[in-house]
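Listed below, chain by chain, are the residues.
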Amino acid sequence: RDPVEGERIRDLNVTPPVTASFTENVFYFTTRQPKTIGLILRSGPTQVEGTLALKLPEGWKAEPAEIPFKFEKPLTEQNVSVTLTPPADDTVGNLQAELRVGQKVYRHGYLKIEYPHLPVIHLHPRASARLVRVDVRTRAKKVAYIMGSGDEIPAFLEQVGYSVEILSDDDLRNGDFQE
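What you see is a predicted model, and the numbers here were worked out from it, not measured in a lab.

**Q** Sorry if this is basic, but what is going on with the overall build of the chain here?
**A** Helix and strand counts for the chain come out as two helices and 14 strands. Here the C-alpha atoms of the chain give a radius of gyration of 20 Å, more than 25% beyond the 16 Å that 2.2 N^0.38 yields for 179 residues. When the backbone C-alpha atoms are referred to their principal axes, the chain occupies close to 60 × 50 × 25 Å. Across the 179 residues of the chain, 33% fall into the buried class. A separation of at least 24 residues holds for 62% of the contacts in the chain among residues at least 6 apart in sequence. Accessible surface, the chain: about 12,300 Å² in total, of which carbon and sulfur atoms supply 49%. The averaged location of the 25 negative side-chain charges in the chain is 7 Å from the averaged location of its 22 positive side-chain charges.

Below is the structure:
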């Protein structure tokens, strides 16, 4: 019961003991140089400890190969980083996180959908991301960009080496676009 909103009914959420979510859905590698990527580990409703390992496509390498984790408090998060080295040739593949807790392996991520007009939804999709190794040659280094609703393109442009400047409505009305 809530004193203002009255009786509230919520769904029962069944969650894995730990989840891993990548900070990006796609990681672009435009050279053979290693790049550090991020993951967010989230504990479930109890204390948990184990090891995170990445399942990589052929030719890719991860350092460290495994990361131990320990959560003493439920429903908390830890940020971890892994350095990936891509293969020399252009390739596309899937990266998957595996969380080992005792003898069990979990491959779940965490996604919370929360809007005022909807009930809160907790999802546990597969903990995966896309890896893209592609040779990209950029002529310009700076890009002006007009954002769209839910637009993720600026993040992708930055991953392949562009400096992105987001233009506002005011910039479009009063901007100097001579360069």
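**Q** Can you walk me through the nonpolar core in this structure?
**A** One broad trend across soluble globular proteins is that nonpolar side chains are buried collectively. Of all hydrophobic cores here, the largest spans 27 residues; its most connected members are Phe22, Leu39, Leu52, Leu54, Phe69 and Leu84. Going through the elements one at a time, β1 (18-22), β2 (26-29), β3 (35-43), β4 (48-55), β6 (66-71), β7 (77-85), β8 (91-101) and β12 (128-133) are the ones with two or more residues in this core. No other element matches the four residues that β8 contributes to this core. Among all residues touching Leu54, those that are not within four sequence positions of it are Phe22, Leu39, Ala65, Val82, Leu84, Leu95, Gln96 and Ala97.

**Q** It is not clear to me how the sheet that holds β3 should be interpreted in this structure. Could you clarify?
**A** Think of a sheet as strands paired side by side through backbone hydrogen bonds, with each pair either parallel or antiparallel. Spatial strand order, β1-β3-β7-β5: four strands in an open sheet with antiparallel pairing. Of all the strands in the sheet, just β1 and β5 (61-63) have a single pairing partner and so form its edges. Adjacent strand axes in the sheet meet at a mean angle of 35°, parallel and antiparallel pairs treated alike. Here β3 runs beside β7; their pairing, made up of eight bridges, is antiparallel. Its bridge partner lying in β7, Leu39 is registered against Val80.

**Q** Would you mind going over the pattern of salt bridges with me for this structure?
**A** It is possible for side chains bearing opposite charge to pair when their charged atoms get close. Under the defined criterion, the tally for this structure stands at seven salt bridges. The partner of Asp90 in a salt bridge is Arg133, with the nearest N and O atoms 3.8 Å apart. Note that Asp90 is positioned in the loop between β7 and β8 and Arg133 in strand β12, a separation of 43 residues in sequence. By relative accessible area, which is 47% here, Asp90 ends up partly exposed. Here Glu114 and Lys112 are joined by a salt bridge, their closest N and O atoms 3.5 Å apart. Connected via shared salt-bridge partners are Glu66, Glu98, Arg100 and Arg107.

**Q** How should I be thinking about the pairing of β8 in this particular structure?
**A** A regular strand places its side chains on the two faces of the sheet in alternate fashion. Direction of pairing for β4 relative to β8: antiparallel, over a ladder of five bridges. By the bridge assignment for β8, Leu52 is matched with Leu99. Where β8 lies against β12, six bridges are found, and the strand directions are antiparallel. Bridging from a neighbouring strand, Gln96 pairs with Ser128 of β12. Here β8 runs beside strand β9 (residues 104-106); their pairing, made up of three bridges, is antiparallel. When the bridges of β9 are listed, Leu99 appears paired with Tyr106. Where β8 folds back onto β9 in an antiparallel hairpin, the turn is made up of two residues, including Gly102, whose phi is positive at roughly 60°.

The rules we used
- Residues numbered from 1 in each chain as written.
- Predicted model: local features only at pLDDT ≥ 70, side-chain atom pairs only at ≥ 80, totals over all residues.
- Heavy atoms only, no water.
- Helix = DSSP H or I, 4+ residues; strand = E, 2+ residues; numbered from the N terminus.
- Rg over C-alpha atoms; globule rule 2.2 N^0.38 Å.
- Buried < 20%, exposed > 50% of the residue type's maximum accessible area, 1.4 Å probe, protein only.
- Contact = heavy atoms within 4.5 Å.
- Areas by Shrake-Rupley, 256 points an atom, 1.4 Å probe, with all protein chains shown as cover.
- Lys, Arg positive; Asp, Glu negative; His and termini not counted.
- Charge placed at Lys NZ, Arg CZ, Asp CG, Glu CD.
- Core = buried A, V, L, I, M, F, W, Y, C linked by side-chain atoms within 4.5 Å.
- Pairing = 2+ DSSP bridges.
- Axes fitted to C-alpha atoms, helices over the stretch in contact; angles between N-to-C directions.
- Salt bridge = Lys/Arg side-chain N within 4 Å of Asp/Glu carboxyl O.

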